[in-house]
Amino acid sequence: QVQLVESGGGLVQAGGSLRLSCAASGRTFSDYAMGWFRQAPGKEREFVSAISRSGGSTYYADSVKGRFTISRDNARNTVYLQMNSLKPEDTAVYYCAAVWASYSGSYYTTNANAYNYWGQGTQVTVSS
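The structure contained in this document is the topic of the report that follows. The written sequence of each chain sets the order in which its residues are numbered from 1. Confidence filtering applies because this is a predicted model: local features only for residues at pLDDT of at least 70, side-chain atom pairs given and counted only at 80 or more, and all residues used for totals across whole chains, interfaces and linings. Side-chain calculation: all heavy atoms of the structure are included, whereas hydrogens and water are not.

**Some remarks on the packing of aromatic side chains**
To pair, rings of Phe, Tyr and Trp, with the six-membered ring standing in for Trp, must have centres within 6.5 Å; the planes then decide the type, stacked if under 30 degrees apart, edge-to-face if over 60, and tilted in the middle. The tally for this structure, following the rule as stated, stands at 9 aromatic pairs. Geometrically, the ring pair formed by Phe47 and Tyr59 is tilted, given 5.9 Å between the ring centres and 35° between the ring planes. One end of the pair, Phe47, is in strand β5 (residues 46-51); the other, Tyr59, is in strand β6 (residues 58-60), and 12 residues separate them in sequence. Between Tyr59 and Tyr108, the aromatic rings sit 5.8 Å apart at their centres with planes inclined by 20°, giving stacked as the arrangement. In DSSP terms, a helix is any run of H or I states spanning at least four residues, a strand is any run of E spanning at least two, and both are numbered starting from the N terminus.

Next up, the structure:
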């Protein structure tokens, strides 16, 4: 089992920044590729960003490209999502997720169904 705990959400004005953290425990963190997803009220969960277990490969949804940065610190068992130039449409509950990928240092996926473990989510609210 992998336990994931997100933190760093909050209320911010449009144009502001937040950094989300997701702390993992329970298994070897570096065996897992990680992803961030979000779900706004009344909408389906959507992919935000993903990172390979080595950190060498990253991918972003078009809606956040150039504004968000995903990173990980395997020594600290933590994945981060730096969010800059926030917009009201970024308002959502943000979830981190882990998918086992020890066979490939470059693997990542945008498919939510592929992820094995999920955190409880952290609320991000961007006011206009």
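**Some details on the sheet that holds strand β8 (residues 78-83)**
Sheet strands pair by backbone hydrogen bonding; their relative direction is either parallel or antiparallel. In this scheme, strands are said to pair when DSSP sees at least two bridges between them. If you trace the 4 strands from one edge of the open sheet to the other, you get β1-β3-β8-β7, paired in antiparallel fashion. The open sheet has two free edges, formed respectively by β1 (3-7) and β7 (68-73), since each of these has just one partner strand. In this sheet, neighbouring strand axes are inclined to one another by 15° on average, regardless of whether the strands run parallel or antiparallel. By the bridge criterion, 6 bridges tie strand β3 (residues 18-25) to β8 in an arrangement that is antiparallel. Looking across to β8, one finds that Leu20 is bridged to Leu81. In this analysis, axes come from line fits to C-alpha atoms, helices being fitted only over the stretch in contact, and the angle between any two N-to-C directions falls in the range 0 to 180 degrees.

**Considering the state of the cysteines**
Here, the term disulfide refers to a pair of cysteine sulfur atoms separated by no more than 2.5 Å. Within the structure shown, the criterion is met by 1 disulfide. For Cys22, the disulfide goes to Cys96, at an S-S distance of 1.9 Å. Note on the Cys22 and Cys96 pair: the S-S dihedral is about 45°, so by sign convention the disulfide is right-handed. A residue pair is termed long-range when its members are at least 10 positions apart, and Cys22 in strand β3 and Cys96 in strand β9 (residues 92-100) qualify at 74 residues. When sorted by exposure, Cys22 lands in the same class as Cys96, which is buried. Three labels apply to residues, based on accessible area from a 1.4 Å probe with only protein chains included: buried if under 20% of the type maximum, exposed if over 50%, partly exposed otherwise in between.

**Observations concerning the pairing of β9**
Of all the 9 residues making up β9, 7 are buried; the element is thus mostly covered by neighbouring parts of the structure. With 3 bridges joining them, β9 and strand β11 (residues 122-127) adopt antiparallel strand pairing. Within β11, the residue paired with Val93 across the bridge is Gln123. With 2 bridges connecting them, β9 and strand β10 (residues 117-118) associate as antiparallel partners. Note on β10: the bridge partner recorded for Ala98 is Tyr117.

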